Amino acid sequence: MRHIISVLLENEPGALSRVVGLFSARGYNIETLTVAPTEDPSLSRMTIVSIGSDDVIEQITKHLNRLVDVVKLIDLSDGPHIERELMLIKIRAVGKEREEMKRLADIFRGHIIDVTDKSYTIELTGDSGKLDAFIEAIDRSAILETVRTGTSGLGRGERILKV
């Protein structure tokens, strides 16, 4: 099962390395990883997407809680949450393909952020399923380059992760 683990950790050198090392040492895979400072510059928020049984995820969270850099964590998958991912995708757009690519970007509520004679760069946000669906909707040979941020998420309503 897919789990989204949100972690508040000290914004210190080596903190990210220790978290990733914990996953690596135990043979757990990280599907996506995002990390950035919070409104408090001494803390960073890390969002980890991993796939595993509830028992495996429970072990991961117990090990993470033991790390000195980890202040607090929550498994967002345990309740209602919002998740988003950003994708920048450069696609070939020449001739009549241009209008089709523009139409697809509009359907998926994407924004064309760069235009050349031969390509469009499109910015898309949404859950990973939406971004995957956009990629499936276009001809694979039209894709020149893709970059994705990985999942970021928050609990819905009053559910917060704060010190």
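Treat the numbers as computed from the prediction; the structure is a model and nothing was measured.

> Help me out: how do you make sense of the nonpolar core in this one?
The tendency in soluble globular proteins is for nonpolar side chains to be buried as a group. Among the nonpolar cores identified, the biggest contains 16 residues, and I89, I122 and F134 are the most heavily contacted of them. Listed in part, the 15 residues of the second largest apolar core include I5, L67, V70 and L73.

> Honestly, the side chain of D69 in this entry has me stumped. Any pointers?
In this structure, D69 sits in the loop between α2 (54-66) and β4 (70-75). Here R18 takes part through its side chain, which lies 2.4 Å from a polar atom of the side chain of D69. If we ignore the near neighbours within four places in the chain, the residues touching D69 are L8, L9, E10, A15 and R18.

> Sorry if this is basic, but what is going on with a nonpolar patch on the surface here?
Taken together, L16, V20, L33 and V35 make up a surface patch of nonpolar side chains, about 260 Å² in accessible area. If you list the elements that add at least two residues to the nonpolar patch, you get α1 (15-25) and β2 (32-37). Residue classification places L16 among the partly exposed residues on the basis of a relative accessible area of 36%.

> Explain the side chain of E83 here, please?
Note on placement: E83 falls in strand β5 (residues 81-92). For E83, a relative accessible area of 13% puts it in the buried group. Of the polar contacts made by the side chain of E83, one reaches the side chain of R2; its length is 2.9 Å. Here the side chain of E83 touches H81 through a polar contact of 3.0 Å, side chain to side chain. Setting aside its immediate chain neighbours within four residues, E83 contacts R2, I4, G126, D127, T151, S152 and G153.

> Could you clarify how one ought to interpret unusual backbone geometry in this entry?
Trans peptide bonds make up most of the peptide bonds, and negative phi angles are found at most residues other than glycine. With a phi close to 55°, R109 is a non-glycine residue in the positive phi region. Here R109 shows up in the loop between α3 (97-107) and β6 (111-115). According to the relative accessible area criterion, R109 is exposed, its value standing at 69%.

> Whenever I open this one, the pattern of salt bridges confuses me. Can you help?
When the charged atoms of two side chains with opposite charge come close together, those side chains can pair. Throughout the structure, instances matching the rule amount to 11 salt bridges. Here K162 ties to E39 by a salt bridge, and the two come within 3.4 Å at their closest N and O atoms. Note that K162 is positioned in the segment after β9 (152-155) and E39 in the loop between β2 and β3 (43-51), a separation of 123 residues in sequence. For K162, a relative accessible area of 46% gives the class partly exposed. Linking R148 and D132 is a salt bridge whose minimum nitrogen-to-oxygen distance equals 2.8 Å. With R148 in strand β8 (residues 143-148) and D132 in helix α4 (residues 128-137), this pair connects stretches of sequence that are 16 residues apart. What makes R148 partly exposed here is its relative accessible area of 29%. Put simply, E85, D132 and R148 are held in one network by salt bridges that share partners.

> Explain the sheet that holds β2 here, please?
What links the strands of a sheet is backbone hydrogen bonding, and the strands pair in either a parallel or an antiparallel sense. Spatial strand order, β2-β3-β1-β4: 4 strands in an open sheet with antiparallel pairing. Unpaired on one side and paired on the other, β2 and β4 mark the two borders of the sheet. Pairs of neighbouring strands in the sheet enclose a mean axial angle of 15°, with direction left out of account. In this sheet, β3 lies alongside β2 in antiparallel orientation, the contact comprising 6 bridges. Among the inter-strand pairings, T32 is bridged to a residue of β3, identified as V49.

What counts and what doesn't
Residues numbered from 1 in each chain as written. Predicted model: local features only at pLDDT ≥ 70, side-chain atom pairs only at ≥ 80, totals over all residues. Heavy atoms only, no water. Core = buried A, V, L, I, M, F, W, Y, C linked by side-chain atoms within 4.5 Å. Buried < 20%, exposed > 50% of the residue type's maximum accessible area, 1.4 Å probe, protein only. Helix = DSSP H or I, 4+ residues; strand = E, 2+ residues; numbered from the N terminus. Polar contact = N/O pair within 3.5 Å; in protein donor to acceptor, adjacent residues only side chain to side chain. Contact = heavy atoms within 4.5 Å. Patch = residues over 30% accessible without salt bridge, like charges linked within 9 Å, V, L, I, M, F, W, Y side chains within 5 Å. Areas by Shrake-Rupley, 256 points an atom, 1.4 Å probe, with all protein chains shown as cover. Salt bridge = Lys/Arg side-chain N within 4 Å of Asp/Glu carboxyl O. Pairing = 2+ DSSP bridges. Axes fitted to C-alpha atoms, helices over the stretch in contact; angles between N-to-C directions.

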